[in-house]
Amino acid sequence: MPIATPEQYAEMLDKAKKGGFAYPAINVSSSSTINAVLQGLTEAGSDGILQVTTGGADYFAGQSVKARASGALAFAAFATEVAKNYPITVALHTDHCPKDALDGFVMPLIEASEAEVKAGRNPIFQSHMWDGSAVPLAENIEIARELLPRMKNINAILEVEIGVVGGEEDGVQHEGSNDALYTTLGDVEQAVEALGLGEQGRYMAALTFGNVHGVYKPGNVKLRPELLKEIQDGIAARYFPNSANGTAALPLDLVFHGGSGSTDEEIATAVANGVIKMNIDTDTQYAYSRSVADSVLKNYDGFLKVDGEVGNKKIYDPRAWGKAAETAMAKRVVEATQQLGSAGHSGR
């Protein structure tokens, strides 16, 4: 199906909130990984989100040039075309964008979407993330407040990070005290005071509850997904004290970052507390690359010109090991949809 319209994307998120599930948002960095995600979502019967980081966009543009906005537009153009061939709906999103990357990444993409909307078409991306976790909270919120009206004008959604996700992703690295890995109610109250609760434009909030990017084993990181409910309750009590509306109990649309190694129980608790989007990168990278390693190591002679021979073209043809890698990554995508509850929830 075609890429989600802004209205369809909003419906997807509302459906997840109401239905108590979340969509996997899979980071991609090549046409092959895009195809793998579309394959996996289709096998699971799930809608979902394709997203690209600054580093992923750099790679799409070509490793020898510096043109990440161009790379992101190339990602979007390819995804927009090939998604038409699948019976599920996906949205396009840009992941972590720190302050020093705004002018070269998100801002040109917003401008490109503004031109599309002015011409009567849909925005190129349905949502963008501003990652202000490395700057003081007041500055983080102020930049989000400046971005939100422009996002609203193109009918797109802003994602903000209130708190610090540990570890490193595409060169964005955070280190500090463990306390910094847990968003407080006071932090979120400041954000809501500035950004509202939808009336100024829709946004999703990546709150942190011990999250760490990268690879770790279950139990090595202390996640506290129950913290999300405490914050939701605090915001609901302040802004909807007399509301009988069930959605007021979970007023924030939440995003789960740094989920590699999380237990099924931790994921389920986070989703029950308002997470509607969960970023997945490390696990799908590993699934893809692990398959490539299998292909090489199990067919070593076929990949090499051994003793003057020419190897086995059926083995080293990138399409051969590429198809296997895509299928392995697709399998991990299916697993993610099952963990998040989005399997079987394609709205098309």
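In this text, all values refer to a predicted model and were calculated from it rather than measured experimentally.

Student: Quick question: what am I supposed to make of the overall build of the protein chain here?
Tutor: A count of helices and strands for the protein chain gives 13 helices and ten strands. Taking 348 residues into account, the globule formula puts the C-alpha radius of gyration at 20 Å, and the protein chain, at 20 Å, falls close to it. Over its C-alpha atoms, taken along the principal directions, the protein chain stretches across nearly 80 × 50 × 40 Å. Across the 348 residues in the protein chain, those meeting the buried criterion constitute 51%. Taking contacts inside the protein chain between residues at least 6 apart in sequence as the whole, the part at least 24 apart equals 74%.

Student: Explain the nonpolar core to me, please; I cannot follow it from the model alone.
Tutor: One recurring pattern in soluble globular proteins is that nonpolar side chains are buried together. Membership of the largest hydrophobic core comes to 78 residues, with the highest contact counts inside it found for Ile-34, Leu-50, Phe-75, Trp-130, Leu-158, Leu-207 and Leu-252. In contact with Ile-34, not counting residues within four places along its chain, are Val-28, Leu-50, Phe-60, Phe-75, Phe-78, Ala-79 and Val-82. Counting 15 residues, the second largest nonpolar core, distinct from the first, contains Ala-4, Leu-13, Tyr-23 and Ala-91.

Student: So what exactly am I meant to see when it comes to the UniProt feature "binding site: Zn(2+) 2" (unreviewed entry) in the protein chain here?
Tutor: According to UniProt, the feature "binding site: Zn(2+) 2" (unreviewed entry) maps to Asp-131 and Glu-161 in the numbering used here. Across 31 residues, the annotated set stays spatially compact, with a maximum C-alpha separation of 5.5 Å. Tracing the backbone through its elements, the reader meets Asp-131 in the loop between β4 (127-130) and α6 (137-153). Within the structure, Asp-131 has its side chain in polar contact with the side chain of His-96 (distance 2.7 Å). With respect to the helices and strands, the residue Glu-161 is situated in strand β5 (residues 157-162). The exposure class assigned to Glu-161 is buried, which follows from its relative accessible area of 0%. Reaching out from Glu-161, the side chain makes a polar contact with the side chain of Ser-133 at a distance of 3.5 Å.

Student: Just to check I follow, could you spell out helix α9 (residues 264-272) for this structure?
Tutor: An α-helix turns once per 3.6 residues; consequently, residues spaced three or four apart project the same way. Three or more residues of α9 are buried, namely Ile-267, Ala-270 and Val-271. Axial view of α9: buried residues confined to an arc of 100°, hence all on one face. Exposed positions of α9 whose direction lies more than 90 degrees from the buried face are Glu-265 and Ala-272. Its buried side turned inward, α9 meets α8 (226-239), β9 (254-256), β10 (275-280) and α13 (318-340). Looking one or two places after α9, you find Gly-274, whose phi comes out positive at around 110°.

Student: Explain unusual backbone geometry to me, please; I cannot follow it from the model alone.
Tutor: Negative phi characterises most residues that are not glycine, and trans characterises most peptide bonds. With a phi angle near 60°, Asn-155 is a residue other than glycine that sits in the positive phi range. Topologically, Asn-155 is positioned in the loop between α6 and β5. For Asn-155, a relative accessible area of 39% gives the class partly exposed.

Student: Help me out: how do you make sense of the pairing of strand β2 (residues 48-52) in this one?
Tutor: Both faces of the sheet carry side chains from a regular strand, because those side chains alternate between them. For β2, the buried fraction is high: five of the five residues fall into the buried class. Covered by surrounding structure in β2 are Gly-48, Leu-50 and Val-52 together with Ile-49 and Gln-51, the residues of both alternating faces. With respect to chirality, the unit in which strand β1 (residues 23-27) leads through helix α2 (residues 31-44) into the neighbouring parallel β2 is right-handed. In the sheet, β2 pairs with strand β3 (residues 90-94) via five bridges, with the strands oriented parallel. Across the sheet, Val-52 pairs through a bridge with Thr-94, a residue of β3.

Student: What should I look at first to understand the confidence of the model for the protein chain in this one?
Tutor: Overall, the predicted model of the protein chain reaches an average pLDDT of 91, with 91% of residues at or above 70. In the model, residues 167-177 has pLDDT below 50 throughout and makes 25 contacts with residues more than four positions away in sequence or in other chains.

Rules used in this analysis
- Residues numbered from 1 in each chain as written.
- Predicted model: local features only at pLDDT ≥ 70, side-chain atom pairs only at ≥ 80, totals over all residues.
- Heavy atoms only, no water.
- Helix = DSSP H or I, 4+ residues; strand = E, 2+ residues; numbered from the N terminus.
- Rg over C-alpha atoms; globule rule 2.2 N^0.38 Å.
- Buried < 20%, exposed > 50% of the residue type's maximum accessible area, 1.4 Å probe, protein only.
- Contact = heavy atoms within 4.5 Å.
- Core = buried A, V, L, I, M, F, W, Y, C linked by side-chain atoms within 4.5 Å.
- UniProt positions renumbered as here; feature names shortened; annotations may be inferred.
- Polar contact = N/O pair within 3.5 Å; in protein donor to acceptor, adjacent residues only side chain to side chain.
- Arc of directions from axis to C-beta.
- Right-handed = clockwise from strand over helix to strand, strands pointing away.
- Pairing = 2+ DSSP bridges.
- pLDDT = per-residue confidence, 0-100.

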